[in-house]
Amino acid sequence: MSKPTIGFIGLGLMGRAMVGCLQDAGYEVSVLGNRDRSGIEEAVARGGREAGSAREMAQGCDIVMLCVGTSEQVEQRIYGDDGVLAGAKDGQVVIDFGTSLPSSTLKIGADLAEKGAVYLDAPLGRTPAHAKDGLLNIMCAGDEAAYSRVKPVLDVLGENVFHLGKLGNGHTIKLINNFFAMTTATAMSEAFAAADAAGIEREALFGVMSAGPLKSGMMEFIRNYAVDGKIDLAFSVANGAKDVGYYRQMTADLGLESRMSTAADATLREARDGGDGGIMIPEMVDWMGKHLGSGRS
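Summarised in this report is the structure supplied together with it. (Residues numbered from 1 in each chain as written. Predicted model: local features only at pLDDT ≥ 70, side-chain atom pairs only at ≥ 80, totals over all residues. Heavy atoms only, no water.)

1. Some thoughts on the overall build of the chain
- Scanning the chain for helices and strands turns up 14 helices and nine strands.
- Taking 19 Å as the expected radius of gyration for a compact globule of 297 residues, we find that the chain reaches 20 Å, a close match to that expectation.
- Dimensions along the principal axes, computed over C-alpha positions, put the chain at roughly 65 × 45 × 35 Å.
- Every one of the 297 residues in the chain was classed for burial, and the buried ones make up 49%.
- Taking as baseline every contact in the chain between residues at least 6 positions apart, the subset at least 24 positions apart corresponds to 66%.
- Looking at the chain as shown, the accessible area adds up to about 13700 Å², and 52% of this sits on carbon and sulfur atoms. (Helix = DSSP H or I, 4+ residues; strand = E, 2+ residues; numbered from the N terminus. Rg over C-alpha atoms; globule rule 2.2 N^0.38 Å. Buried < 20%, exposed > 50% of the residue type's maximum accessible area, 1.4 Å probe, protein only. Contact = heavy atoms within 4.5 Å. Areas by Shrake-Rupley, 256 points an atom, 1.4 Å probe, with all protein chains shown as cover.)

2. So, the pairing of strand S2 (residues 29-32)
- Here S2 shows two buried faces, one formed by Val29 and Val31 and the other by Ser30 and Leu32.
- Note: strand S1 (residues 6-9) against S2, four bridges, orientation parallel. Bridged to phenylalanine 8 within S2 is valine 31.
- With helix H1 (residues 13-24) bridging S1 and its parallel neighbour S2, the resulting β-α-β unit is right-handed. (Pairing = 2+ DSSP bridges. Right-handed = clockwise from strand over helix to strand, strands pointing away.)

3. Some thoughts on the sheet that holds strand S9 (residues 158-163)
- What the three strands build is an open sheet, ordered S7-S8-S9; its pairing is mixed. Strands at the two margins of the open sheet, each flanked by one partner only, are strand S7 (124-125) and S9.
- Two strands pair when backbone bridges link them, and strand S8 (residues 136-140) and S9 are joined in this way by five bridges, in the parallel orientation. Its bridge partner lying in S9, cysteine 140 is registered against histidine 163.
- In this fold helix H8 (residues 144-157) packs onto S8 and S9, with an angle of close to 165° to the strand it touches most, S9. (Axes fitted to C-alpha atoms, helices over the stretch in contact; angles between N-to-C directions.)

4. Remarks on the pattern of salt bridges
- Counted by the stated rule, this structure contains 15 salt bridges.
- Arginine 223 is the salt-bridge partner of glutamate 203, the closest N and O atoms lying 3.1 Å from each other. Of this pair, glutamate 203 sits in helix H10 (residues 202-210) while arginine 223 sits in helix H11 (residues 217-228), and the two are 20 residues apart along the sequence.
- Note on glutamate 203: relative accessible area 40%, which makes it partly exposed.
- Among the residues examined, arginine 223 registers a relative accessible area of 13% and is labelled buried. (Salt bridge = Lys/Arg side-chain N within 4 Å of Asp/Glu carboxyl O.)

5. Regarding the side chain of lysine 242
- Following the sequence through the fold, lysine 242 ends up in helix H12 (residues 237-253).
- Residue class for lysine 242 comes out buried when judged on its relative accessible area of 15%.
- Within the structure, the side chain of lysine 242 is placed 2.8 Å from the backbone oxygen of glycine 69, a separation counted as a polar contact.
- A distance of 3.2 Å separates a polar atom in the side chain of lysine 242 from a polar atom in the side chain of aspartate 243. (Polar contact = N/O pair within 3.5 Å; in protein donor to acceptor, adjacent residues only side chain to side chain.)

6. Here we look at the packing of aromatic side chains
- Taken as a whole and assessed by the stated rule, the structure comprises one aromatic pair.
- Look at phenylalanine 179 and tyrosine 247: their rings are 4.2 Å apart centre to centre, the planes differ by 5°, and that puts the pair in the stacked class. Here phenylalanine 179 is found in helix H9 (residues 169-197), whereas its partner tyrosine 247 is found in helix H12, with 68 residues between them in sequence.
- Note that lysine 3 overlies the ring of tyrosine 27, its terminal NZ or CZ placed 5.5 Å from the centroid. (Phe/Tyr/Trp six-rings, centres within 6.5 Å; stacked < 30°, edge-to-face > 60°. Lys NZ or Arg CZ within 6 Å of the ring centre and 35° of its normal.)

7. Quick word on the side chain of serine 258
- The residue serine 258 is located in the loop between H12 and helix H13 (261-276) in this model.
- In this structure the side chain of serine 258 is engaged in a polar contact, spanning 2.5 Å, whose partner is the side chain of serine 261.
- When neighbours within four sequence positions are excluded, serine 258 is seen to be in contact with Tyr247, Arg248 and Thr251.

8. What about the pairing of S1?
- Side chains of S1 alternate between two faces, with Ile6 and Phe8 and Gly7 and Ile9 buried alike.
- In the sheet, S1 pairs with strand S4 (residues 63-66) via four bridges, with the strands oriented parallel. Across the sheet, glycine 7 pairs through a bridge with valine 64, a residue of S4.

9. Remarks on the nonpolar core
- Counting 35 residues, the largest nonpolar core has Met18, Met65, Ile95, Phe97 and Ile138 as the members making the most contacts within it.
- Apart from residues lying up to four places away in sequence, phenylalanine 97 is in contact with Phe8, Met18, Met65, Leu66, Cys67, Ala122, Pro123, Leu124, Ile138, Leu154 and Leu157. (Core = buried A, V, L, I, M, F, W, Y, C linked by side-chain atoms within 4.5 Å.)

10. Looking at the sheet that holds strand S3 (residues 49-50)
- One open sheet holds the six strands; their spatial order is S3-S2-S1-S4-S5-S6, and the pairing between them is parallel. Either end of the sheet is taken by a strand with one partner, and the two such strands are S3 and strand S6 (118-121).
- Relative to S3, S2 runs parallel, the two being bridged by two bridges. In the sheet register, valine 31 faces S3, and the bridge partner there is glutamate 50.
- Across the sheet, H8 touches S1, S4, strand S5 (93-96) and S6, and the angle it forms with S5 is around 50°.

Limitation: the analysis is restricted to geometry and does not speak to function.
Pasting the structure below:
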């Protein structure tokens, strides 16, 4: 059986690594980027084709993949005269690899279904380095028959590929995961800042905290920066603020009032809105050290 043709929208660090992985596995890939053309040029140099529009891409591909930053950007690529929806066709599968709002995901899924296409949400875990080697964690949800059809392609990209049930479950689980991760990261950053103020060595604090049930990989990411100056988590404050904000919107859409996300949301938004959105999450240790005393910049 011949390999399906793939259209890929979003050539950031993660997207271009995924495209390279697919091309290395022998898939025919057409690409569509934004302002930065370096990812497009890399894909074309490896034998890919640049699509003229999302509509044209959808008309010519069996599977359309999106890897962009926000739900707004996803909707911009789906809707409009030259969007994916305009070119969608019966039997096509469209996959969103980003971290999006479940309410948006369900709306897009319903609209694509009217054209006979199927929408899957498949947010990612791990880094572009893992993507290059096909070692991502992929949290896919949506129609199980469509998932089964595209799973051979997902297996090229991912070491751990999960099917999580109905459409929207992947994005929901990813937002819960990222809310918890950002809450842990900001709390650990504050813990180090408080220890500094009290004259306690950072490694001594971490030694005690990590000896018990608190120990986690996220704590270790923050510790590695706080003690060794290493950034193992290349995830920006702006992205963290966006994901926690999406989590809060998601819980509100469910008729819930999130309590535990309040502090992480306010802290990350304060850092982002104060001009520090580009720093990496582990660097919140430094941000806390500068801002914890007054509570405001």
